Amino acid sequence: SKPLDIEKEKRTIFIGNLPLNTKEKTLKKLFAEYGTIEAIRFRSAARPDLKTSKKAAVIKQQFHEERKNINAYIRFASIESAKNSCAMNSSEVEGNNMRVDLALNSHKHDQNKAIFLGNLDFKTHEDDVRQAFQNCGTIESVRLVRDSDTGIGKGFGYVNFASKDSVETALTLEGSIE
């Protein structure tokens, strides 16, 4: 793979938990107010079968039946546009709460404001998790770890909250995520 172009990455945002049928046009409409968009690319497509490439799955809009979301990256013309567009984090698109963050930040989280979730059903979706923990406090993001080859959940993930108090509340919950 090519070396990371840090200058471009600073102008790029990660968008998680988009509805599968999201089109470039939709993202352009949603994010145009933040500045000039140079590129949009979809990632993390769950292939319908192992013969279909991820790229073909996106082009043909054919995905694994157990997945209802996809991720994307948008590269803006300026760093300021990318930073400002993060205001869209947790916005709803067709029933899905988007996770929006700077691409370079998407793997950095405050461990003191996060909980680990284990033993999740492989079919669990981000919005199911968000719903289960919504009464604990403001949720910054939900991340379910997925198999990079198939796009199907690995059975664990994280909920990142805005405050430590929410973590304490979440840890008192019992039960399962449906």
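Because the structure is a prediction, the values reported are computed rather than measured. (Residues numbered from 1 in each chain as written. Predicted model: local features only at pLDDT ≥ 70, side-chain atom pairs only at ≥ 80, totals over all residues. Heavy atoms only, no water.)

Draft legend 1. How the structure looks around the environment of I13. As for its position among the elements, I13 is in strand β1 (residues 12-19). Of the residues examined, I13 reaches a relative accessible area of 0% and is grouped as buried. For I13 and N105, which are 92 residues apart along the polypeptide, the C-alpha to C-alpha distance reads 8.9 Å. (Helix = DSSP H or I, 4+ residues; strand = E, 2+ residues; numbered from the N terminus. Buried < 20%, exposed > 50% of the residue type's maximum accessible area, 1.4 Å probe, protein only.)

Draft legend 2. Up close: the sheet that holds strand β9 (residues 153-161). Ordered by their spatial adjacency, 3 strands build an open sheet running β7-β9-β8, and the pairing between neighbours is antiparallel. Among the strands making up the open sheet, the edge pair consists of β7 (114-117) and β8 (139-146). With strand direction ignored, the average angle separating the axes of adjacent strands in the sheet is 15°. Inspection of the sheet shows β8 paired to β9 by 6 bridges, in the antiparallel sense. Looking at the pairing, S141 lines up with N160 of β9. Relative to the sheet, helix α5 (residues 126-133) contacts β7, β8 and β9, its axis offset from that of β8 by approximately 140°. Contacting β7 and β9, helix α6 (residues 164-171) runs over the sheet at an angle of about 30° to β7. (Pairing = 2+ DSSP bridges. Axes fitted to C-alpha atoms, helices over the stretch in contact; angles between N-to-C directions. Contact = heavy atoms within 4.5 Å.)

Draft legend 3. Layout of a nonpolar patch on the surface. Together, L4, I6 and L104 give the surface a local cluster of nonpolar side chains, amounting to about 260 Å² of exposed area. Tracing the backbone shows I6 in helix α1 (residues 6-9). (Patch = residues over 30% accessible without salt bridge, like charges linked within 9 Å, V, L, I, M, F, W, Y side chains within 5 Å. Areas by Shrake-Rupley, 256 points an atom, 1.4 Å probe, with all protein chains shown as cover. Salt bridge = Lys/Arg side-chain N within 4 Å of Asp/Glu carboxyl O.)

Draft legend 4. Spatial organisation of the nonpolar core. In this structure, I13, I15, L27, F31, I74 and M98 are the most contacted members of the largest nonpolar core, which totals 22 residues. At the level of secondary structure, the elements contributing two or more residues to this core comprise β1, α2 (24-31), β2 (37-43), β3 (69-76) and β6 (99-102). Sort the elements by how many residues they give to this core and β3 lands first, with 4 residues. If sequence neighbours within four positions are ignored, L27 has contacts with I15, L18, T22, I37, I40, F42, A72 and I74. One finds V129, V142, L144 and A170 within the second-largest nonpolar core, a separate group that totals 13 residues. (Core = buried A, V, L, I, M, F, W, Y, C linked by side-chain atoms within 4.5 Å.)

Draft legend 5. Broad picture of the side chain of T22. By secondary structure assignment, the location of T22 is in the loop between β1 and α2. At a separation of 2.6 Å, a polar atom in the side chain of T22 contacts the main-chain carbonyl oxygen of P19. Those residues in contact with T22 that lie beyond four places of it in its chain are L27 and F42. (Polar contact = N/O pair within 3.5 Å; in protein donor to acceptor, adjacent residues only side chain to side chain.)

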